Amino acid sequence: MLALQLFQFFLALIVPGLLGALFFSIFARLTSEIDWRVALILDLFTFTTMITGLYYLKGVLTIDDLLHQFTCLSFTRKYILLSTAINIFYGIISGILRRIFFWIRRRPFFSNL
């Protein structure tokens, strides 16, 4: 039973990052391949955002408070939905920024001088 719960928490942490990486690749390169490095980076950004939100909005100051938040039954469902939305947002924004930066890099500035 413990192994099943660990697997569920693992999926709750990894799957939103994979969805964010999918949206990143769609908006940045117009492909549908998922890079696992992008997924882990987006997961790290989302985890930092979620911990910062818990600190400022819920007043979670210690690890004991954080563990109390984790034991709440509705926390997992809320965490999955919110982290999926945040990861998709981060994926879209970073994909658009990547496309803009590569467009600027390829543009020949001052080529007619």
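Numbers given to residues run from 1 along each chain, matching the order in which its sequence is written. Side-chain atom pairs in this predicted model are given and counted only at pLDDT of 80 or more, local residue features only at pLDDT of at least 70, and totals for whole chains, interfaces and linings cover all residues. To get the side-chain values, all heavy atoms of the structure are used, and hydrogens and water are removed first.

Quick notes on the packing of aromatic side chains
The test is simple: Ring geometry is summarised as follows: Phe, Tyr and Trp rings, the Trp one being its six-membered ring, pair when their centres sit within 6.5 Å, and such pairs are stacked at plane angles under 30 degrees, edge-to-face over 60 and tilted between the two. Counting from the N terminus, the helices are the DSSP runs of H or I reaching at least four residues and the strands are the DSSP runs of E reaching at least two. Only protein chains enter the calculation, and the probe is 1.4 Å; a residue is then buried if its accessible area is under 20% of its type maximum, exposed if over 50%, and partly exposed in between.
This model, assessed by the stated rule, comprises 3 aromatic pairs. Consider the rings of F45 and Y90, whose centres lie 6.5 Å apart with planes at 80°: the pair is edge-to-face. With F45 in helix α2 (residues 36–58) and Y90 in helix α4 (residues 73–106), the pair connects residues that are 45 residues apart, well separated along the chain. By relative accessible area, which is 47% here, F45 ends up partly exposed. Aromatic pair Y55 and Y56: ring centres 4.9 Å apart, planes at 80°, arrangement edge-to-face. Note on Y55: relative accessible area 42%, which makes it partly exposed. Ring pairing ties together the aromatic residues F45, F89 and Y90, which thus form one cluster.

Some thoughts on helix α1 (residues 2–29)
What counts, and what does not: The span one expects for a helix is its residue count, reduced by one, times 1.5 Å.
Between its terminal C-alpha atoms α1 stretches 40 Å, which fits the 40 Å expected from 28 residues at 1.5 Å a residue. Listed as buried for α1 are A12, P16, G17, G20, A21, F24, S25 and A28. At the exit of α1 stands L30, carrying a positive phi of roughly 60°.

Remarks on the nonpolar core
Note the cut-off: Nine residue types can take part in a nonpolar core, namely buried Ala, Val, Leu, Ile, Met, Phe, Trp, Tyr and Cys, and a core is a set of them joined through side-chain atoms within 4.5 Å. We call two residues in contact when some of their heavy atoms are within 4.5 Å.
Ranked by size, the top nonpolar core spans 6 residues in total: A21, F24, A28, V38, A39 and L42. Taken together, the elements giving at least two residues each to this core come down to α1 and α2. Non-local contacts of A21, meaning those with residues more than four positions away in its chain, are made with I34, D35, V38, A39 and L42.

Some remarks on a nonpolar patch on the surface
Just so we agree on the cut-off: The patches reported here contain residues having more than 30% relative accessible area and no salt bridge. Joining distances are 9 Å for like charges and 5 Å for nonpolar side chains (Val, Leu, Ile, Met, Phe, Trp, Tyr). Residue-level accessible areas treat just the shown protein chains as cover; the underlying method is Shrake-Rupley with a 1.4 Å probe. Every case where a carboxyl oxygen of Asp or Glu lies within 4 Å of a side-chain nitrogen of Lys or Arg is listed as a salt bridge.
On the surface, a cluster of nonpolar side chains totalling about 910 Å² of accessible area is made up of I26, F27, F89, I93, I96, L97, I100, F101, W103 and I104. Listing elements by their share of the nonpolar patch, those giving two or more residues are α1 and α4. Ranked by residues supplied to the nonpolar patch, first place goes to α4 with 8 residues. Locating F89 in the fold gives a position in helix α4.

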